[in-house]
Amino acid sequence: MRDGYSEFTRRGAEILAIAPDTLGNAREFFQEHDIPFPCLPDPDRAVFRLYDVKSSPISLGQRPGLFVVDGEGVVRSAYLGWQQWEIPRVEDTLAQLDSLA
Amino acid sequence: MPVESETVPVGAPAPDFTLESIAGGEVTLSGFRGKPVVLVFLRGFR
């Protein structure tokens with residue numbers, strides 16, 4: 001997702017990464033890996049709960065989730081994976097953004 | 001298999017929230033009105 005970031009900004013879209021961790025840990029990780037998009041730590045997981053991105057024993061902790069929200073604030077794609085690798089491919093998410101345009 | 005969110009289905013208004021950014025300052029989802037936003041919920045860093 002990091003390498004495709006310019007593809008998102010080129011489409012006028014923004015990526016917000018929400019992390020179930022502290023501000024300090026998130027900042028350290030994003031700086032270390034030079035990740036260009038904004039990260040919003042959610043140590044209390046309040047926004048995780050708001051979006052039903054629960055943790056689950058079978059995914060060994062926090063499940064990944066990906067939502068596409070259009071310019072009117074309407075959810076156009078809502079996706080919860082069970083495993084870390086079960087997140088939509090960058091190409092699929094870009095295609096989704098193209099379909100909104 | 002991936003599943004849909006039970007509380008935030010497709011077609012529903014995205015629940016608004018405000019969180020502090022690692023870059024400093026607060027970020028509110030509704031502040032991006034007019035442009036699409038991809039929300040990525042991470043699993044954590046370790």
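J.: Can you explain the interface of chain A and chain B? Please cite residues and give values.
T.: If you look at the interface, chain A gives 53 residues, while chain B gives 36 residues. Elements with a contribution of two residues or more to the side of chain A that touches chain B: strand E1 (14-19), helix H2 (23-32), strand E2 (39-41), helix H3 (46-50), strand E4 (61-62), strand E5 (65-69), strand E6 (75-80) and helix H4 (90-100) of chain A. Looking at chain direction, E1 of chain A and strand E3 (residues 37-41) of chain B are connected through five bridges and run parallel. Each residue of the ladder has a partner; that of Ile 18 of chain A, found in E3 of chain B, is Phe 41 of chain B.

J.: With reference to specific residues and values, describe H2 of chain A.
T.: Residues and elements named next belong to chain A. Restricting attention to buried positions, one finds in H2 the residues Ala 26, Phe 29 and Phe 30. Within H2, the buried residues cover an arc of 95° as seen down the axis, which keeps them to one side. Exposed residues pointing more than 90 degrees away from the buried face of H2 are listed as Gly 24, Gln 31 and Glu 32. Each element contacted by the buried residues of H2 is listed here: E1 and E2. Looking at the residues trailing H2, positive phi occurs at Asp 34, about 55°.

J.: Now, about unusual backbone geometry: what can you tell me, with residues and values included?
T.: Residue and element names in this part refer to chain A. Backbone geometry places Asp 34, a non-glycine residue, at a positive phi of 55°. Looking at the element boundaries, Asp 34 is found in the loop between H2 and E2. The backbone of Arg 45 sits at a positive phi, close to 60°, despite the residue not being glycine.

J.: Describe the sheet that holds E2 of chain A, and please don't skip the residues or the numbers.
T.: Pairing in this open sheet of five strands is mixed, and the strands run E2(A)-E1(A)-E3(B)-E5(A)-E6(A) from one edge to the other. Each edge of the sheet is formed by a strand with only one pairing partner; in this case those strands are E2 and E6 of chain A. When strand polarity is set aside, the average angle formed by the axes of neighbouring strands in this sheet is 15°. Bridge count between E5 of chain A and E6 of chain A: five bridges; the pairing is antiparallel. Within E6 of chain A, the position partnered with Gly 65 of chain A by the bridge is Leu 80 of chain A. Along the sheet, H4 of chain A contacts E5 and E6 of chain A together with E3 of chain B; its crossing angle with E5 of chain A, the most-contacted strand, is approximately 20°.

So, how was this worked out
- Residues numbered from 1 in each chain as written.
- Chains lettered and ligands numbered in written order.
- Predicted model: local features only at pLDDT ≥ 70, side-chain atom pairs only at ≥ 80, totals over all residues.
- Contact = placed C-beta atoms within 7 Å.
- Helix = DSSP H or I, 4+ residues; strand = E, 2+ residues; numbered from the N terminus.
- Pairing = 2+ DSSP bridges.
- Buried ≥ 20, exposed ≤ 12 C-beta atoms within 10 Å, placed from the backbone.
- Arc of directions from axis to C-beta.
- Axes fitted to C-alpha atoms, helices over the stretch in contact; angles between N-to-C directions.

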